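Okay, here's what each chain looks like letter by letter:
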Amino acid sequence: MIVNDQNQWQRQCAALAVICALAQLLVAPYLAIFGGHPNFCLIFAIVVSLTGKGSAALVMAFFAGIFFDLTATTPVGLMAFELTVVAFVLGFEERDRILEEPVIAYRDGCIAAIAAEAVFQLALAMVGQGGPFADVVFLRWLPAAFLDCLALVPFVFALSRPKADGLSLGVTGRTSNKGRRLKL
Amino acid sequence: MAARNSLGGLNRNSDDRFRVFAILVVISVVLFTISCREAGSGIISSVQGAASVIVSPVRGAGALVTVPFQAVGNLFSNLTAGEATLSELKAENERLIAENAALKEADAASERLEALLGIQSSYDLVSTGARVISGPTDSATSSIVIDKGSLAGIEVGMPVTDSMGLVGQVRSVTPTTATVLLVTDERSGVSAMVQESRAHGEVVGSAAGTLSLAMVTPELTVNEGDLVITSGLGGVYPKGLPIGVVTSISRAEGDLYQTIRLRPVALTGAFEEVLVVTEVSQEQRATAEEAEEAQGQEIGDLAQATDADGPGDDEGESAPEGPSES
């Protein structure tokens, strides 16, 4: 039962990774409010850490950050650091919070997204890649955070539904909350 | 006993988690430090370039995927253009509309390419055409990615134009792609002048995507509707490329310079094909007289600053910087 649950979680994460990577490359460039763009790598890290699988979630978040860093114009390592911290903080309880308490999980995810975008802009300012303060706050940070929160909705919604005979995100397989609890 | 085992497992998991977290944080901080120190040339930059090359087909596919949506957008604009147009279009069947949209796209692409050739010959630009494959992928910069890189002779610093005017400057290059920092980015600065009055200044962008002409003193005449062009000072941008049209001019009490807002002439946000200027000839650079003229305006600025502050009042006074190109 535990093995089945673990495999299912891995398949789910793989599907999520592909979706978020494609969204980051294909959707994010064309979806903007002022200078803010959604960060699907951040969303991936939030979702994975909220589903709670300890060290594995940390590693996935780290590589999501590396993917972002390599495909963006910012210094490599910054987003990897941020997503690792986000995954560590959000995944502290090591349980599937999206399934058990989706609203609170979404709220925490939004707080993490807002904080991560703020730290991102702050770090860029510190290495000389920032702009005027007001522009950074109102035209980059807040729009990007808003888009992140908006883009997080479908992911939390899809993963919060009970998955007795199948799984959202196109991954099939059996799972149960019992199995998840046994793992903990 | 089982509970104790379970707690023991939980502690082990927590320890592992802390250990993995610490390792990953150290790795990312090291990568970040090296990346910042490399400043665009080094192993991490090479890996970043390689990653950009690998994902460029996906980005290209994304650009192609958006073409039909742009066609639908154009079609929607046409449908909402007027009642007569709307009723006529309603009468047509879906196939014809789709064909029409496709033909319009082909026609528009042809017109854009002709316009690019036009600007290339008008300004006698030594340039390479490129296709835009992605917009900005992060919230840090206003930039685009084009499908030509160092293999096509593209280098960092080269100016980029579309059929209407200046788009930006190449910021980083990989073998098959290049990232162009848009002129509307807040870190962009272009030495420019008002075509009518020859008032020199610096065009700077903002995170909102707006442009403004900075460092123009009040005695220099600037009118709404005036065209702002590159001045050729510094030799980075060829002289005379349109940048924007003056939309508003204001000056608050005590301000040393006018606040001049511009509307970009380049098709900001809707780039599809662009020209990368690979060489700026001597004729396209500012002449010695023009450089002197710009210098004269700077001296005038300084004199006015001194006058405005009053004799002996030199606290916080500084000479204004001349227009610069980045």
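Our focus in this paragraph is helix α3 (residues 55-71) of chain A. Spanning 17 residues, α3 of chain A covers 25 Å between terminal C-alpha atoms, matching the ideal 24 Å at 1.5 Å per step. Burial analysis of α3 of chain A places 13 of its 17 residues in the buried class, the great majority of the element.

In this assembly, 41 residues from chain A lie in contact with 41 residues from chain B. Secondary-structure elements contributing two or more residues to the side of chain A that touches chain B are α1 (2-27), α3, α4 (78-90), α6 (102-126) and α7 (133-160) of chain A. No other element matches the seven residues that α3 of chain A contributes to the side of chain A that touches chain B. Counted by class, the side of chain A that touches chain B contains 23 nonpolar, 14 polar and four charged residues.

What follows deals with the confidence of the model for chain A. Interpreting fine coordinate detail is not advised for predicted regions of low pLDDT. For chain A, mean pLDDT is 83; residues scoring 70 or higher make up 85% of the total. Contacts for the low-pLDDT stretch residues 170-184 of chain A, under 50 throughout, to residues beyond four places or in other chains number 27 contacts.

Quick look at the packing of helix α2 (residues 40-50) of chain A against α4 of chain A now. All names here are of chain A. One can describe the packing of α2 onto α4 by two numbers: an axis separation of 8 Å at closest approach and a directional angle of 25°. In terms of orientation, α2 lies roughly parallel with respect to α4. In the packing of α2 onto α4, the handedness of the crossing is right-handed. Across the interface between the two elements, Cys 41, Leu 42, Ala 45, Ile 46, Val 48, Ser 49 and Leu 50 of α2 pack against Met 79, Leu 83, Val 86, Ala 87 and Leu 90 of α4. Grouping the constituent residues of the contact of α2 with α4 by class yields eleven nonpolar, one polar and no charged.

Moving on, we come to the sheet that holds strand β3 (residues 159-161) of chain B. Residue and element names in this part refer to chain B. Within the closed barrel, the six strands sit side by side as β1-β2-β5-β4-β3-β12. Their pairing is antiparallel. On average, each strand axis in the sheet is inclined to that of its neighbour by 45°, with strand direction left out of account. Sheet analysis places strand β1 (residues 126-134) next to strand β12 (residues 273-279), joined by six bridges and oriented antiparallel. The residue bridging Thr 128 from the neighbouring strand is Val 276, located in β12.

Residue and element names in this part refer to chain B. As summarised here, the arrangement of the six strands in space is β6-β7-β8-β11-β10-β9, forming a closed barrel in which the pairing is antiparallel. Within the sheet, the average angular offset between the axes of one strand and its neighbour, ignoring direction, is 40°. In this structure, strand β6 (residues 189-194) lies alongside strand β9 (residues 227-230), joined through three bridges in antiparallel fashion. Bridged to Ala 192 within β9 is Thr 230.

Turning next to the nonpolar core. In terms of nonpolar packing, the biggest core is built from 63 residues, with Cys 41, Ala 45, Ile 46, Ala 61 and Leu 83 of chain A touching the most fellow members. Every element with two or more residues in this core is listed here: α1, α2, α3, α4, α6 and α7 of chain A together with α1 (2-38) of chain B. With eleven residues, the single largest contributor to this core is α7 of chain A. Ignoring anything within four residues of it in the chain, the contact list for Ile 46 of chain A reads Val 86, Leu 90, Gly 109, Ala 112, Ala 113 and Leu 152 of chain A.

Moving on: α6 of chain A. Residues and elements named next belong to chain A. The terminal C-alpha atoms of α6, which comprises 25 residues, lie 35 Å apart, in line with the 36 Å expected from a rise of 1.5 Å per residue. Here α6 has its buried residues at Ala 105, Tyr 106, Gly 109, Ala 112, Ala 113, Ala 116, Glu 117, Phe 120, Gln 121, Ala 123 and Leu 124. In this fold, the buried residues of α6 make contact with α2, α4, α5 (97-100) and α7. Of the residues flanking the end of α6, it is Gly 128, one or two places downstream, whose phi is positive at about 85°.

As a further point, take unusual backbone geometry. In this structure, Phe 34 of chain A is a non-glycine residue whose phi angle is positive, near 50°. Tracing the backbone shows Phe 34 of chain A in the loop between α1 and α2. Even without glycine at this site, Met 215 of chain B takes up a positive phi of about 65°. Looking at the secondary structure, you find Met 215 of chain B in the loop between β8 (211-214) and β9. Look at Met 215 of chain B and you get buried, because 23 C-beta atoms sit within 10 Å.

Our next topic: the pairing of strand β7 (residues 200-205) of chain B. Residues and elements named next belong to chain B. For β7, the tally of buried residues reaches six of six residues, placing the bulk of the element in the interior. Going residue by residue along β7, you find His 200, Glu 202 and Val 204 tucked away on one face and Gly 201, Val 203 and Gly 205 tucked away on the opposite face as well. Between β6 and β7, which pair antiparallel and follow one another directly, the connecting turn spans five residues, one of which, Arg 198, has a positive phi of 60°. As paired elements, β7 and β8 share four bridges and run antiparallel to each other. Looking at the pairing, Val 203 lines up with Leu 213 of β8. Linking two consecutive strands that pair antiparallel, namely β7 and β8, is a turn of five residues; a positive phi of about 85° is found at Gly 209 within it.

Residue and element names in this part refer to chain B. Mean pLDDT over chain B works out to 76, with 71% of the residues at or above the 70 mark. For the stretch residues 305-324, pLDDT sits under 50, and the model shows 22 contacts to residues farther than four places along the chain or on other chains. Scoring of the predicted complex yields 0.64 for pTM and 0.84 for ipTM.

Analysis parameters
Residues numbered from 1 in each chain as written. Chains lettered and ligands numbered in written order. Predicted model: local features only at pLDDT ≥ 70, side-chain atom pairs only at ≥ 80, totals over all residues. Helix = DSSP H or I, 4+ residues; strand = E, 2+ residues; numbered from the N terminus. Expected span 1.5 Å × (residues − 1). Buried ≥ 20, exposed ≤ 12 C-beta atoms within 10 Å, placed from the backbone. Contact = placed C-beta atoms within 7 Å. Nonpolar A, V, L, I, M, F, W, Y, C, P; charged D, E, K, R; others polar. pLDDT = per-residue confidence, 0-100. Axes fitted to C-alpha atoms, helices over the stretch in contact; angles between N-to-C directions. Parallel < 35°, antiparallel > 145°, perpendicular 65-115°, else oblique. Left-handed = near helix turned anticlockwise from the far one by under 90°. Pairing = 2+ DSSP bridges. Core = buried A, V, L, I, M, F, W, Y, C linked by C-beta atoms within 7 Å.

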